[in-house]
Amino acid sequence: MSKIKTFLSIALFLFTLPCFGNTQPVIHQTPETLRIGMLKLMSGGVVQLAKKEGFFQEQGINIKILSFDSAQQVARAVASGDVDIGLTGLTAAVYNLAAKGKLKIIAGSSREVRGWKGSAYVVSNKEWNAGIRKPEQLQDVSMGVTDIGSTFHYIAGLLADKYHFSLEKKIKLVPLGSVKAMRTAIAKSQVDSVIIPGMVARELQNKNEGHILGYVGDETPWQVTAVFASSKLLDHKRKGVEKFLTGFRKGCSLYHLLFNTSSPAIYSTERLLAQAPMRNQAATIIGHYVRPKLTPVAVSSFPIYIDAQGGIDLNSLKHQIHWYQSHNMVDQHITVNQVVDQPLLVPLSQ
C-alpha cells in the first residue's frame, strides 16, 4: 500500500464519500474499461492520481485516458462516442450537446475560488510596457482563447460584466485552438493578452515572456470544469458510471486533503514539500501527467481548487447557460435540469 493510500485511509473520516454500488474490489470478473477524455492540465491530473492509487481498480473498472487540445474537442468526443466520459471545462459545446440529448453532467471538478491561483490574466511585454497593470484594464486589446464559446471566452465575459464594458467592442478574441498555442502567442506578442492556467502564467513571467495581472478566482469565482458522460453510456452502463464516480471522488478527496486544506502559500516551498512526502508523491504523479511536465514544487505552488466530494455549483451552471444564451451561443430553451444527471450529483462540500 502506498504512503498516499495509508494517509487516505486515516484521513477520509474528514469527508463523507458518496457510495455508488459495491465498494469492494471485484474478483473473478473481467474489468470494464471506460475511455476518459481530458486535457493534460491539473484537473485531469486528479484522475491520473486516482488511477495510480488504484481507486478505479478497486471498483472493478479500468480507465483509458485520451488527451485532447481543447475543452470543446472533449465534449464532441463524448457526444460522438469516441470517449465514454469527459472531464474538462464547461463550454458552449457542452451545453449545446446536452440540449441535443448527447451527454449529461455527472460531477464537478475544479473551481475558481478566491485565494487560489487557478487561471491568470496575462499580458504581453508590449502591453505591460504600455501601462496595463490590472485585469480591468484589458480593454481595446486582443485576447488569445482556445475557441469561441470556450471557458476562456466565458471568463473574459465575466470580467467585462464585472467592470461594465462591452466584451464584443473592447476585446478582440483570437481563437488559437489550444493552451499551448495561447502560450506561444503571448510569448511572441502575437496577441496582447491571454487567460491561462496559473502554472503556465508563472513560467511565462519567469522567462520574461509575459506579465501576470491577477487571478480569475479573485475577480470572478465560478465552476470551471465538470465531468460528463454520454447519454448512451448512462442509459446502458449506468453501474459502470457509478463505479467511476466512486473512484473519481476518492481522487478528489485525496487531492483536497493534500492541497486544499490550508492556505495556498503553505504548499509552495521546497522545505515544506520535503516535510510532506505524501504530498510530494501526489504532486509527482500530477506533474508527470500535465504538459509541459512540472516538478512537484511547481505543482504544489499552484494547486487548483477541487471540491472534496466532486460536488458542483449549480448556480454557476445556471449563470453560464444564461450568459451563453444572451450571446446566442447555446439553445435559448435549455435549462440546467436538462444538462445534468441529478441523481448522480452531490452538492459542494463547503
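Residues numbered from 1 in each chain as written. Predicted model: local features only at pLDDT ≥ 70, side-chain atom pairs only at ≥ 80, totals over all residues. Heavy atoms only, no water.

Novice: Where do I start with the sheet that holds strand β5 (residues 110-112) in this structure?
Specialist: In a beta sheet, neighbouring strands are held together by backbone hydrogen bonds and run either parallel or antiparallel to one another. Strands sit in the order β11-β5-β13 across an open sheet of three strands; the sheet is antiparallel. Only two strands of the sheet have a single partner each, and these edge strands are β11 (222-223) and β13 (305-306). Two elements, β5 and β11, share two bridges in a ladder whose sense is antiparallel. Following the sheet pairing, Glu112 is matched in β11 by Trp222. (Pairing = 2+ DSSP bridges. Helix = DSSP H or I, 4+ residues; strand = E, 2+ residues; numbered from the N terminus.)

Novice: Mind showing me how you'd approach helix α16 (residues 314-326) here?
Specialist: Helical periodicity: at 3.6 residues per turn, an α-helix aligns residues three or four positions apart in one direction. The end-to-end C-alpha distance of α16, which contains 13 residues, comes to 18 Å, matching closely the 18 Å that a straight helix rising 1.5 Å per residue would cover. Where α16 is buried, its residues touch α4 (92-99), β4 (103-108), α6 (151-162), α7 (167-170), β11 and α17 (336-339). Two residues or fewer after α16 comes Asn328, characterised by a positive phi angle close to 55°. (Expected span 1.5 Å × (residues − 1). Contact = heavy atoms within 4.5 Å.)

Novice: Just to check I follow, could you spell out the pairing of strand β6 (residues 119-123) for this structure?
Specialist: Each regular strand displays side chains that alternate between the two surfaces of the sheet. The element β6 is largely enclosed, with a buried count of five among its five residues. Residue alternation in β6 divides its side chains into two sets, Ser119, Tyr121 and Val123 and Ala120 and Val122, and both sets are buried. Bridge count for β6 against strand β9 (residues 193-197) is five bridges, and the pairing is antiparallel. When the bridges of β9 are listed, Val122 appears paired with Val194. Pairing analysis gives four bridges linking β6 to strand β10 (residues 211-215), with the strands arranged antiparallel. Bridge pairing in β10 places Ala120 opposite Tyr215. (Buried < 20%, exposed > 50% of the residue type's maximum accessible area, 1.4 Å probe, protein only.)

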